[in-house]
Amino acid sequence: MTRRALKATGITLCYLAVWHIAAAAVGKAFILPSPLDTAKALLALASTGEFYASIGTTLLRVVGGFAAGVAAGALLGVLTAFSGLADEFLAPLRSIVKATPVTSFIILVLLYLTSSLTPAFIAFLVVTPIVWANVRAGVRSADPLLVEMTKAYRVPKLRRLAKLYLPSAFPDFAAACTTGLGFAWKSGVAAEVIANSGLSIGQRLNESKIYFETPELFAWTAAVILLSILLERLMLKLLGKLTHEREGN
């Protein structure tokens, strides 16, 4: 085990110890379950098919909304980077989406969409402005000398976009994807809780709260955190692979 891993393990154990001491001081699992109570509840949940069905449904919704948000944000980023008129016209929309609380959007969206579609749309709504702003900034950060050179040699616009602007925007795009995924996951699960979306992590969290099943509530929360870490690592691995392929070409 590396020194970094040992340090991370030590820090984690310290936090678990504090949690255990606090739970022991309270002495009531329905108020504050211990790490052991939470682990037992998580293992019990993991032995049921409903646990995996709920996780699968939530993942499908969030990843679908995230992918749509990435696509829309990338297109809007490229459009507004090249068109000053489009940038000015759409800037208020981007500002409104970024400034409005997610909870407000969830309640508003529920007026028009079903509870099963709302989490995906919220994930889409959260991710789009993040990718949009980063891609726009990345495209505009292309080397001015290279831009002038491609214009002087009359390089076709599509080739200029593919070989100059998009590579310039890729680091910003990658950062937006990593950040956006975390926001999409948290917002999507929050939307499921408020919308009480069927067969989902959010619904299970809501039910655990209503019936005072606090160990299960903590267990589902732990599952959300673990899945968030796993998704982030998968995203970083994918982006690293894309970066390697891009540099290879």
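1. Some details on the overall build of the protein chain
Inference 1: From N to C terminus, the protein chain includes 10 helices and 0 strands.
Inference 2: The linear arrangement of helices and strands in the protein chain, starting from the amino end, is α-α-α-α-α-α-α-α-α-α.
Inference 3: Sorting the 249 residues of the protein chain into buried and exposed places 35% on the buried side.
Inference 4: By sequence separation, contacts in the protein chain at least 24 residues apart represent 71% of the contacts at least 6 residues apart.
Inference 5: Total accessible area on the protein chain is roughly 14,700 Å²; 69% of this is exposed by carbon and sulfur atoms.
Inference 6: Positive and negative side-chain charges in the protein chain, numbering 23 and 14 respectively, have mean positions lying 7 Å apart.

2. Observations concerning helix α8 (residues 157-195)
Inference 1: For α8, spanning 39 residues, the distance from its first C-alpha to its last is only 45 Å, which falls clearly below the expected 57 Å at 1.5 Å a residue.
Inference 2: Of all the bends in α8, the largest measures some 45° and sits at Phe 170, one to four residues before the proline Pro 171.
Inference 3: Looking one or two residues beyond α8, the residue adopting positive phi is Asn 196, at roughly 55°.

3. Let's talk about unusual backbone geometry
Inference 1: Phi is positive for Arg 154, close to 50°, though the residue is something other than glycine.
Inference 2: Within the fold, Arg 154 resides in the loop between α7 (144-152) and α8.
Inference 3: Looking at Arg 154, the relative accessible area reads 73%, which means it is exposed.
Inference 4: One non-glycine residue, Leu 199, lies in positive phi territory at about 50°.

4. Brief notes about the packing of aromatic side chains
Inference 1: Tallied over the entire structure, the rule returns 6 aromatic pairs.
Inference 2: Pairing Phe 51 with Trp 220 gives two aromatic rings, centres 5.0 Å apart and planes at 35°, and the pair type is tilted. In this pair, Phe 51 sits in helix α3 (residues 49-82) while Trp 220 sits in helix α10 (residues 214-248), placing the two residues 169 residues apart along the sequence.
Inference 3: Taken together, the ring pairs connect Phe 51, Tyr 52 and Trp 220 into an aromatic cluster.

5. Examining the packing of helix α5 (residues 102-109) against α8
Inference 1: With their axes 10 Å apart at the nearest point, α5 and α8 run at an angle of 50° to one another. Here α5 is positioned oblique relative to α8, judged by the angle of their axes. Relative to α8, the crossing made by α5 is right-handed. Seen from α5, the contacting residues are Val 102, Thr 103 and Ile 106; seen from α8, they are Ser 187, Ala 190, Ala 191 and Ile 194.
Inference 2: Each residue belonging to the contact of α5 with α8 can be placed in one class, and the counts come to 5 nonpolar, 2 polar and no charged.

6. Concerning the nonpolar core
Inference 1: Ranked by size, the top nonpolar core spans 37 residues in total, and within it Phe 66, Val 139, Trp 185, Ile 201 and Trp 220 carry the most contacts.
Inference 2: Elements that contribute at least two residues to this core include exactly α2 (35-46), α3, α6 (118-140), α8, α9 (201-210) and α10.
Inference 3: In contact with Trp 185, not counting residues within four places along its chain, are Thr 58, Leu 59, Val 62, Ile 201, Val 224, Leu 227, Ser 228 and Leu 231.

7. Some details on the packing of α5 against α6
Inference 1: At their nearest, the axes of α5 and α6 sit 10 Å apart, and the two run at 135° to each other. Between α5 and α6, the angle is such that the two are oblique. Along this stretch, α5 crosses α6, giving a crossing that reads as right-handed. Contacts between α5 and α6 pair Val 102, Phe 105, Ile 106 and Val 109 from the former with Thr 118, Phe 121, Ile 122, Leu 125 and Val 126 from the latter.
Inference 2: Looking at the contact of α5 with α6 residue by residue, the classes come out as 8 nonpolar, 1 polar and no charged.

8. Quick word on the pattern of salt bridges
Inference 1: Under the defined criterion, the tally for this structure stands at 6 salt bridges.
Inference 2: One salt bridge in this structure joins Arg 136 and Asp 87, with 2.9 Å as the shortest N-O distance. One end of the pair, Arg 136, is in helix α6; the other, Asp 87, is in helix α4 (residues 84-99), and 49 residues separate them in sequence.
Inference 3: Accessibility expressed as a relative area gives 10% for Asp 87, which makes it buried.

9. Focus on the environment of Pro 33
Inference 1: If you trace the backbone, Pro 33 turns up in the loop between α1 (3-26) and α2.
Inference 2: For the pair formed by Pro 33 and Glu 216, sequence separation is 183 residues and the distance between their alpha carbons is 9.3 Å.
Inference 3: Excluding residues that lie within four positions of it along the chain, Pro 33 makes contacts with Trp 19, Ala 23, Thr 38, Thr 214, Pro 215 and Phe 218.

Thresholds, definitions, all that
Residues numbered from 1 in each chain as written. Predicted model: local features only at pLDDT ≥ 70, side-chain atom pairs only at ≥ 80, totals over all residues. Heavy atoms only, no water. Helix = DSSP H or I, 4+ residues; strand = E, 2+ residues; numbered from the N terminus. Buried < 20%, exposed > 50% of the residue type's maximum accessible area, 1.4 Å probe, protein only. Contact = heavy atoms within 4.5 Å. Areas by Shrake-Rupley, 256 points an atom, 1.4 Å probe, with all protein chains shown as cover. Lys, Arg positive; Asp, Glu negative; His and termini not counted. Charge placed at Lys NZ, Arg CZ, Asp CG, Glu CD. Expected span 1.5 Å × (residues − 1). Bend = angle between axes of the 7 residues up to and from the residue. Phe/Tyr/Trp six-rings, centres within 6.5 Å; stacked < 30°, edge-to-face > 60°. Axes fitted to C-alpha atoms, helices over the stretch in contact; angles between N-to-C directions. Parallel < 35°, antiparallel > 145°, perpendicular 65-115°, else oblique. Left-handed = near helix turned anticlockwise from the far one by under 90°. Nonpolar A, V, L, I, M, F, W, Y, C, P; charged D, E, K, R; others polar. Core = buried A, V, L, I, M, F, W, Y, C linked by side-chain atoms within 4.5 Å. Salt bridge = Lys/Arg side-chain N within 4 Å of Asp/Glu carboxyl O.

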